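Structure at a glance
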Amino acid sequence: GGSGGPPRIRRLEESVVNRIAAGEVIQRPSSAVKELVENSIDAGASTVSVTVKDGGLKLIQVSDDGHGIRCEDLPILCERHTTSKLSAYEDLQTIKSMGFRGEALASMTYVGHVTVTTITEGQLHGYRVSYRDGVMENDPKPCAAVKGTQVMVENLFYNMVARRKTLENSNDDYPKIVDFISRFAVHHINVNFSCRKHGANRADVHSGSTSSRLDAIRNVYGASVVRDLMEIQVSDENAVDEIFKMDGFISNANYVAKKTTMILFINDRLVDCTSLKRATEFVYSAILPQASKPFIYMSINLPPEHVDVNIHPTKKEVSLLNQERIIEKIKDAIEEKLMNCNNTRIFQTQA
Ligand code: ADP
Ligand code: MG
């Protein structure tokens, strides 16, 4: 003993481990909203409604009309690593759902108070149950329910003093939440998304459900954006060593904005890709010297074995095989589109 020697190594208590891990998965209110909305989409919902109070610190509520959760699964629903989406590691290669780790709901119960109401098809009533620190607080109570699942998260970060203070003192997360929902709405055009502040009559996002991407963009970002968009498609299907497809809409020379809007889905996952964003902005500033920032929606599809979805706790980044080549191809396509529209611009009449 005494003063000498290195400090002893001890095993952390499980509750400490879980809370630390939860703080990584759920970094802020908007990350909770993203996870909940992804669960609703994974559940096959055609309507997803989000309600938020105090930027999500007081309340986040996500209701959907998806397949619901079986009563007998409710006891383990919010335990760490419980999921209906993955069973073997190899499944990660081909997984279509956005979730796979069974960590999101569990995490929310370690940093907030979670209440789930759910009903499955053919049942006469639903169940409501609350969770804390991964466990059910009471037996599921029978209750009236229409279809699907509602998850309510209250008092997020009540037990993480520093996080709570930082969030309280900075800008409220509501704009970020609206931004997430808007992006999902542009990609999942057949799902009717809405997002509102608690108590507000008007929704700040109301996407409707449509079969046209442009309609979806119009419903969320407005007619003025849609007027200045061009469709773009790139495919590399003839290459021997690589197959990828990109479909999207990009702004033309008439579009004016101070900030880039880049809505990127890779294999149906909403992700960020800084290098693709930079490359795109670079093309715009080179061809359109008046330097308006672009509006970009892109959906890239690759063989699932070319995408590593498991590199980030929030899953917000993915890593791609042949990333440089893909970016190069997309850059070329945008360049060509922009050159063409810039050349024909002088013939356009004012709208
Ligand atoms: P993951 O999505 O990675 O499976 P989650 O913690 O987000 O993990 O959810 C755990 C499980 O709870 C899911 O696998 C799913 O079976 C179920 N679940 C969560 N949200 C919903 C929902 N809105 N509708 C139906 N089932 C849900
Ligand atoms: Mg999930």
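Anyway, here's the lowdown on the structure attached to this text. It should be emphasised that the depicted structure is a prediction, and the values quoted were computed from it without experimental measurement.

Along the chain, Met230 falls in strand S10 (residues 229-235). In this structure Met230 comes out as partly exposed when scored by C-beta crowding, with 16 C-beta atoms within 10 Å. Residues Met230 and Asn252, spaced 22 residues apart in sequence, show a C-alpha to C-alpha distance of 6.5 Å. The contact partners of Met230, leaving out residues within four places of it in the chain, are Phe249, Ile250, Asn252, Lys337 and Cys341.

Between its terminal C-alpha atoms helix H1 (residues 14-25) stretches 17 Å, which fits the 16 Å expected from 12 residues at 1.5 Å a residue. When we look at burial in H1, the residues that qualify are Asn18, Ala22 and Val25. One face of H1 carries all of its buried residues, which in axial projection span an arc of 60°. Every exposed residue of H1 that faces more than 90 degrees away from the buried side is listed here: Val16 and Ile20. For H1, the elements touching its buried residues are helix H3 (104-111).

Glancing now at the environment of Asn340. Along the chain, Asn340 turns up in helix H9 (residues 323-344). Once the C-alpha coordinates of Asn340 and Asn252 are considered, the two residues, 88 residues apart in sequence, prove to be 9.8 Å apart.

Turning next to the site of ligand 1. What surrounds ligand 1 is a group of 22 residues, the closest being Asn39, Ala43, Thr83, Ser84 and Gly99. Here the residues of the shell around ligand 1 sort into 7 nonpolar, 10 polar and 5 charged.

Okay, the pairing of strand S7 (residues 148-154) next. The buried fraction of S7 is high, at 5 of 7 residues. Inspection of the sheet shows strand S2 (residues 59-64) paired to S7 by 5 bridges, in the antiparallel sense. Each bridged residue has a counterpart across the sheet, and for Leu59 the counterpart in S7 is Glu154. Across 7 bridges, strand S3 (residues 113-119) lies against S7 in antiparallel orientation. Bridge pairing in S7 places Val116 opposite Val151.

In this section: the sheet that holds strand S12 (residues 261-266). An order of S10-S11-S14-S12-S13 is seen for the 5 strands of this open sheet, with the pairing classed as mixed. Strands at the two margins of the open sheet, each flanked by one partner only, are S10 and strand S13 (269-270). Sheet analysis places strand S11 (residues 245-251) next to strand S14 (residues 295-301), joined by 6 bridges and oriented antiparallel. Bridged to Asp247 within S14 is Ser299. Along the sheet face, helix H5 (residues 174-187) touches S12, S13 and S14 and points at about 55° away from the line of S12.

So, on to unusual backbone geometry. In this structure, Asp133 is a non-glycine residue whose phi angle is positive, near 45°. Within the secondary structure, Asp133 is located in the loop between strand S4 (126-132) and strand S5 (135-136). Judged by the 16 C-beta atoms lying within 10 Å of it, Asp133 falls in the partly exposed class. Even without being a glycine, Phe157 presents a positive backbone phi close to 65°. As for its position among the elements, Phe157 is in the loop between S7 and helix H4 (161-169).

Membership of the largest hydrophobic core comes to 81 residues, with the highest contact counts inside it found for Val33, Val37, Val50, Ile177 and Ile181. The element contributing the most residues to this core is H5, with 8 residues. The two domains that each donate at least three residues to this core are domain 1 (14-206) and domain 2 (223-347). Beyond its immediate stretch of four places on either side in the chain, Ile177 contacts Pro29, Ser30, Val33, Val50, Val52, Gly56 and Cys195.

What counts and what doesn't
Residues numbered from 1 in each chain as written. Chains lettered and ligands numbered in written order. Predicted model: local features only at pLDDT ≥ 70, side-chain atom pairs only at ≥ 80, totals over all residues. Helix = DSSP H or I, 4+ residues; strand = E, 2+ residues; numbered from the N terminus. Buried ≥ 20, exposed ≤ 12 C-beta atoms within 10 Å, placed from the backbone. Contact = placed C-beta atoms within 7 Å. Expected span 1.5 Å × (residues − 1). Arc of directions from axis to C-beta. Near = placed C-beta within 6 Å. Nonpolar A, V, L, I, M, F, W, Y, C, P; charged D, E, K, R; others polar. Pairing = 2+ DSSP bridges. Axes fitted to C-alpha atoms, helices over the stretch in contact; angles between N-to-C directions. Core = buried A, V, L, I, M, F, W, Y, C linked by C-beta atoms within 7 Å. Domains from an automatic or database assignment.

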